[in-house]
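# Breakdown of the fold
What follows is each chain in one-letter form.
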Amino acid sequence: ENRLLSSGAAVRSNVDLEMTTEQDTNVTLLVHQVKPPFLDGRVSFSKIREAVPTVRDATSDFAKMAREGSATLRHLRENKDKHAMRQKFWELGGTRMGDAVGI
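From a predicted model like this one, the values you see are computed outputs, not experimental measurements. (Residues numbered from 1 in each chain as written. Predicted model: local features only at pLDDT ≥ 70, side-chain atom pairs only at ≥ 80, totals over all residues. Heavy atoms only, no water.)

All right, on to the overall build of the protein then. Per the secondary structure count, the protein includes four helices and zero strands. Each helix and strand of the protein, placed in order from N terminus to C terminus, yields the pattern α-α-α-α. Within the protein, the fraction of its 103 residues that count as buried is 4%. Of the roughly 10,700 Å² that the protein leaves accessible, carbon and sulfur atoms contribute 56%. (Helix = DSSP H or I, 4+ residues; strand = E, 2+ residues; numbered from the N terminus. Buried < 20%, exposed > 50% of the residue type's maximum accessible area, 1.4 Å probe, protein only. Areas by Shrake-Rupley, 256 points an atom, 1.4 Å probe, with all protein chains shown as cover.)

Here it is in structure tokens:
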């Protein structure tokens, strides 16, 4: 309760909690702030200003392999690039070769 009040997400008011059978009423809860204050972005609760590195040892074999990628992945990317260049080669519209051929 104290944390809700100090964050500003709740407001203290006097409510009669003693209910009798003669006086059964519905209580409506009005929420003014749906997003909690620590997610607003107005206040920074962290003392760290720069990003924390996720890899502890950047020179480890595992980190190097993740950064460079595997030989299979490199081979696939090269083939994809070659295929893209081959497709662009056959697109002659708007080029000098296309003008010469009459496309």
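Our next topic: a nonpolar patch on the surface. A cluster of nonpolar side chains, contributed by F38, L39, V43 and F45, occupies part of the molecular surface with about 460 Å² of accessible area. By the secondary structure assignment, F38 is in the loop between helix 1 (2-7) and helix 2 (61-68). Since its relative accessible area comes to 54%, F38 is described here as exposed. (Patch = residues over 30% accessible without salt bridge, like charges linked within 9 Å, V, L, I, M, F, W, Y side chains within 5 Å. Salt bridge = Lys/Arg side-chain N within 4 Å of Asp/Glu carboxyl O.)

Turning our attention to the environment of R74. Within the element layout of this structure, R74 appears in helix 3 (residues 71-90). The exposure class of R74 is partly exposed, given its relative accessible area of 44%. Excluding residues within four positions of it along the chain, R74 makes contact with E68 and G69. (Contact = heavy atoms within 4.5 Å.)

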